Amino acid sequence: GKEDLSIALKKMAEDSDPIPTLFMWTLMQVLGLFPELENFAMELLSKLNQRQFWKDDNLWKGYLRCIKMHMPRSFPVLLQLPINQLGKALEEGDGLRNPLAEFVGENPSSARRQILNLLDIR
């Protein structure tokens, strides 16, 4: 059930090396079945941010898809990325820049100066 899936996903996000290629696909499927796990999923994405998962193109594309599916709830997670990766996310993630800029404008304490500059927010 839901608990078993949560345990398996958490273990994959924290302990698997490398992170399984189908991790993001699995996470999105689980969220489709159990939307109430959105907060849990954002915690997992936050943990992935610390693991440089973006070196795997499939994981990166899935991450961007997941971020977009869960805007604006996912924006605090997105803002944790290193500035270079955040820039790449804004280039590759169609439709992310304006909603993220709006979110940061409404929550200025959520962003470092580099992020404000990246989003052209003064």
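Residues numbered from 1 in each chain as written. Predicted model: local features only at pLDDT ≥ 70, side-chain atom pairs only at ≥ 80, totals over all residues. Heavy atoms only, no water.

**Student:** Explain the environment of Ile121 here, please?
**Tutor:** As for its placement among the helices and strands, Ile121 is situated in the segment after helix H8 (113-118). Among all residues touching Ile121, those that are not within four sequence positions of it are Ala101, Val104, Gly105, Arg113 and Leu116. (Helix = DSSP H or I, 4+ residues; strand = E, 2+ residues; numbered from the N terminus. Contact = heavy atoms within 4.5 Å.)

**Student:** In this structure, what is going on with the nonpolar core? I would like to understand it.
**Tutor:** Soluble globular proteins tend to bury their nonpolar side chains together. With 42 residues, the main nonpolar core has Phe23, Leu45, Tyr63 and Leu78 as its most contacted residues. Breaking this core down by element, the ones donating at least two residues are helix H1 (2-15), helix H2 (23-33), helix H3 (38-49), helix H4 (57-69), helix H5 (75-78), helix H6 (83-92), helix H7 (97-106) and H8. Beyond its immediate sequence surroundings of up to four residues, Phe23 is in contact with Leu9, Met12, Ala13, Leu44, Leu48 and Leu59. (Core = buried A, V, L, I, M, F, W, Y, C linked by side-chain atoms within 4.5 Å. Buried < 20%, exposed > 50% of the residue type's maximum accessible area, 1.4 Å probe, protein only.)

**Student:** Looking at this structure, I do not really get the packing of aromatic side chains. What am I missing?
**Tutor:** The geometry of an aromatic ring pair is captured by two quantities: the separation of the ring centres and the angle between the planes. Tallying each qualifying case throughout the model produces five aromatic pairs. Here the aromatic rings of Trp60 and Tyr63 are separated by 5.8 Å at their centres, their planes lie at 10 degrees, and the arrangement is stacked. Separated by three residues within a single helix, Trp60 and Tyr63 lie in helix H4, roughly one turn from each other. Like Tyr63, Trp60 is buried. Following the ring pairs from residue to residue traces out a cluster consisting of Phe53, Trp54, Trp60 and Tyr63. (Phe/Tyr/Trp six-rings, centres within 6.5 Å; stacked < 30°, edge-to-face > 60°.)

**Student:** Just to check I follow, could you spell out H7 for this structure?
**Tutor:** One turn of the α-helix equals 3.6 residues, which is why residues spaced by three or four share an orientation. Among the residues of H7, those classed as buried are Leu100, Ala101, Phe103 and Val104. The arc that holds the buried residues of H7, viewed along the axis, is 160 degrees, so those residues lie on one side. For H7, exposure combined with an orientation more than 90 degrees from the buried face picks out Asn98, Glu102 and Glu106. (Arc of directions from axis to C-beta.)

**Student:** What is the right way to look at the packing of H2 against H4 in this model?
**Tutor:** When two helices pack together, their arrangement is given by the angle between the helix axes and by the axis-to-axis distance. The N-to-C vectors of H2 and H4 enclose an angle of 25 degrees; their axes lie 8 Å apart at closest approach. On the basis of the axis angle, H2 is roughly parallel to H4. Seen from H2, the contacting residues are Phe23, Met24, Leu27, Met28 and Leu31; seen from H4, they are Leu59, Gly62, Tyr63, Arg65, Cys66 and Met69. When its residues are assigned to classes, the contact of H2 with H4 shows nine nonpolar, one polar and one charged. (Axes fitted to C-alpha atoms, helices over the stretch in contact; angles between N-to-C directions. Parallel < 35°, antiparallel > 145°, perpendicular 65-115°, else oblique. Nonpolar A, V, L, I, M, F, W, Y, C, P; charged D, E, K, R; others polar.)

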